[in-house]
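Read off the chains here:
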Amino acid sequence: MAAMDKEKFIIEQFSNKFIGDDGAVVSHERGEWVYSKDLFCEGTHFLAGWLSMEEIARKAMLVNLSDAVAMNAEPKFALLGLGLPKNTSAAQISALRKGFADVCDEYGVTIIGGDTIGSDKILLSVTVISRLCGKAVLRSGAKKGDLVAFTGELGGSLKGLRALLNGGRVASNSRFKRPILKDKFFYAAAGKINAAMDVSDGLGADLAKLCAQSRCGAKFSKRLSKHELNSGEEYEILFTFSPKNRAKILSLARKTRTKITIFAKITKGKFKSNARNHHF
């Protein structure tokens, strides 16, 4: 399985109508809810000493809320799975709690339970339960002729990662340490957006996923740097929309002070990225 996309293979083993997006949309008699989960693990997403316990918790929660935002859902509840080394101190646990609590307070999320285990490394699993704000925005909704865009700026997370790998340090507001969610823009614009997902594996890799779900291709209209295409863990939003909604999208971006870069158009065919999958 060395050359296989193992993430794709695993997803296919559990294939059903709920799987394949940033979260699963489940209908209840009181409305539609989105359930999502992400892992944030020492040795995979960060190395010891790179982040404080508070920063670890903040980022773990933010990257999970990002999935909900990208589907036009408002996070309401969270479940935590914590794997912590046995020598973790009470002060470190308090710092971890503060990181989770600060983000939850900011976004109106209540932690309602979870589980803890002893572990050789810090392993965090977060499940987020969110209420849809109108229609769900899926990866599968892109249409031929749609414009393709992303919010914010890309490349900062990769820059921070490389600095840390080279033994350097990064500022507390580095994109690698503290993602900035574009929830205000996306909730306002969601009605005009056809497809979306957050940029977690890099723009190139994530565009390939969106195109695969929408069964389409993409033709670039703007040259992007390797940093912009390959920087993972950015948690900006990749999205598509009809050209007729361009003026409205740009207006909402200005009102919410959100930078938007339109860089491609949806076409027939397929889009393939050469970006490496970081999951395995």
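Residues numbered from 1 in each chain as written. Predicted model: local features only at pLDDT ≥ 70, side-chain atom pairs only at ≥ 80, totals over all residues. Heavy atoms only, no water.

Student: Provide a residue-level description of the pattern of salt bridges, including the pertinent values.
Tutor: Using the criterion set out here, one finds 11 salt bridges in the structure. For the salt bridge of Asp-201 with Lys-209, the shortest nitrogen-to-oxygen distance reads 2.4 Å. Looking at Lys-209, the relative accessible area reads 22%, which means it is partly exposed. With its nearest N and O atoms 3.9 Å apart, the salt bridge here joins Lys-209 to Asp-206. Residue Lys-209 and its partner Asp-206 are both found in helix 6 (residues 203-214); the two are separated by three residues, about one turn of the helix. (Salt bridge = Lys/Arg side-chain N within 4 Å of Asp/Glu carboxyl O. Buried < 20%, exposed > 50% of the residue type's maximum accessible area, 1.4 Å probe, protein only. Helix = DSSP H or I, 4+ residues; strand = E, 2+ residues; numbered from the N terminus.)

Student: Describe a nonpolar patch on the surface, with residues and values.
Tutor: A cluster of nonpolar side chains, contributed by Phe-77, Leu-79 and Ile-112, occupies part of the molecular surface with about 230 Å² of accessible area. For Phe-77, a relative accessible area of 31% gives the class partly exposed. (Patch = residues over 30% accessible without salt bridge, like charges linked within 9 Å, V, L, I, M, F, W, Y side chains within 5 Å. Areas by Shrake-Rupley, 256 points an atom, 1.4 Å probe, with all protein chains shown as cover.)

Student: Kindly report on helix 3 (residues 90-107), identifying the contributing residues and their values.
Tutor: Note: α-helices contain 3.6 residues per turn, so residues at a spacing of three or four share the same orientation. Spanning 18 residues, helix 3 covers 26 Å between terminal C-alpha atoms, matching the ideal 26 Å at 1.5 Å per step. Among all positions in helix 3, only Leu-96, Gly-99, Phe-100, Ala-101, Val-103, Cys-104 and Tyr-107 are buried. Along its buried surface, helix 3 packs onto helix 2 (53-70), strand 3 (73-84), strand 4 (110-118), strand 5 (123-132) and helix 5 (183-189). Within two residues after helix 3, Gly-108 carries a phi angle of roughly 70°, on the positive side. (Expected span 1.5 Å × (residues − 1). Contact = heavy atoms within 4.5 Å.)

By themselves, these are just geometric observations and shouldn't be taken as functional.
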